[in-house]
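The chain contents come next:
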Amino acid sequence: MRTLRLVVPALLVCAALSACGETDGPGTPASSGPAPVTGQPSPSATVPSPSGPATPAPSSTLKPPGGPTLPPPVGATELTGTITRGVEPNCVLLDGYLLIGGPRDVLTAGARVTVTGRVEPGVMTTCQQGTPFVVEGAHRS
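A quick note: this is a predicted structure, and the numbers were derived from the prediction, not measured.

Observations concerning the nonpolar core
If you look at the biggest cluster of nonpolar residues, it comprises 13 residues, and the most contacted ones within it are Ile-83, Leu-94, Leu-99, Leu-107, Val-113, Val-115 and Phe-133. Of all the secondary-structure elements, those providing two or more residues to this core are strand S5 (92–94), strand S6 (97–100), strand S7 (112–119) and strand S8 (131–140).

Things to note about the state of the cysteines
Across all of its chains, the model carries one disulfide by this definition. The disulfide partner of Cys-91 is Cys-127, and the gap between their sulfur atoms is 1.7 Å. Sign of the S-S torsion, about -85° for the bond between Cys-91 and Cys-127, identifies this disulfide as left-handed. Of this pair, Cys-91 sits in the loop between strand S4 (84–85) and S5 while Cys-127 sits in the loop between S7 and S8, and the two are 36 residues apart along the sequence. Residue Cys-127 is classed as buried on the basis of its relative accessible area of 16%.

Let's talk about the environment of Leu-93
Mapped onto the fold, Leu-93 is located in strand S5. Excluding its chain neighbours within four sequence positions, the residues that come into contact with Leu-93 are Thr-82, Ile-83, Thr-84, Arg-85, Gly-86, Leu-98, Gln-129 and Gly-130.

Examining the pairing of S8
Of the strand pairs in this sheet, S6 and S8 are connected by four bridges, and their pairing is parallel. Residue pairing across strands places Leu-98 opposite Pro-132, the latter belonging to S8. Here S7 runs beside S8; their pairing, made up of seven bridges, is antiparallel. Pairing of Gly-117 across the sheet is with Val-135, part of S8.

Comments concerning unusual backbone geometry
Positive phi, close to 65°, is recorded for Asn-90, a residue that is not glycine. Along the chain, the position of Asn-90 falls in the loop between S4 and S5. Residue Asn-90 is classed as exposed on the basis of its relative accessible area, which comes to 76%. You will see that Asp-95, though not glycine, has its phi angle at about 50°, which is positive.

A few points about the pattern of salt bridges
Applying the stated rule across the entire model yields two salt bridges. With a shortest N-O distance of 2.8 Å, Glu-120 and Arg-118 are connected by a salt bridge. Look at Glu-120 and you get partly exposed, because its relative accessible area is 26%. Of the residues examined, Arg-118 reaches a relative accessible area of 33% and is grouped as partly exposed.

Here we look at the sheet that holds S6
Consider a sheet: its strands pair through backbone hydrogen bonds, and that pairing is either parallel or antiparallel. A sheet is described by the order of its strands in space; here six strands give the open sequence S3-S7-S8-S6-S5-S4, paired in mixed fashion. Two strands lie at the open edges of the sheet, namely strand S3 (77–82) and S4, each paired on one side alone. Two elements, S4 and S5, share two bridges in a ladder whose sense is antiparallel. Residue pairing across strands places Thr-84 opposite Leu-93, the latter belonging to S5.

About the thresholds
- Residues numbered from 1 in each chain as written.
- Predicted model: local features only at pLDDT ≥ 70, side-chain atom pairs only at ≥ 80, totals over all residues.
- Heavy atoms only, no water.
- Core = buried A, V, L, I, M, F, W, Y, C linked by side-chain atoms within 4.5 Å.
- Buried < 20%, exposed > 50% of the residue type's maximum accessible area, 1.4 Å probe, protein only.
- Helix = DSSP H or I, 4+ residues; strand = E, 2+ residues; numbered from the N terminus.
- Disulfide = S-S within 2.5 Å.
- Contact = heavy atoms within 4.5 Å.
- Pairing = 2+ DSSP bridges.
- Salt bridge = Lys/Arg side-chain N within 4 Å of Asp/Glu carboxyl O.

Any link to function would need more than the numbers given here.
Right, here's the structure in full:
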């Protein structure tokens, strides 16, 4: 009798668990209603990209002051302009680009500079403005 009291609950648990894993066929879960919509959006439903500053064309040379002309790193872009202070501490901008890295003694608010680097729009920052631009080199111009 004691065995029966242990076997019956165990069988009920097994039946309940097997009902949770029921399938229509090998490897396919049982369908209990309409399938969820997971397809790609139609071309007409694409979201237009935000209108921001255009990516400048890559530069052919980098001219450090007093040094020889060096080619920029592969895929590098050169920007020239005046640095402005961002709304958050330690954030500096150049023509709508948030400058990440680089020599902070050169990249100060109000300085006219030339920077070389690459646009990295997917980089997360604490600054609330500008398109991230990873600085690989900078000098005052």
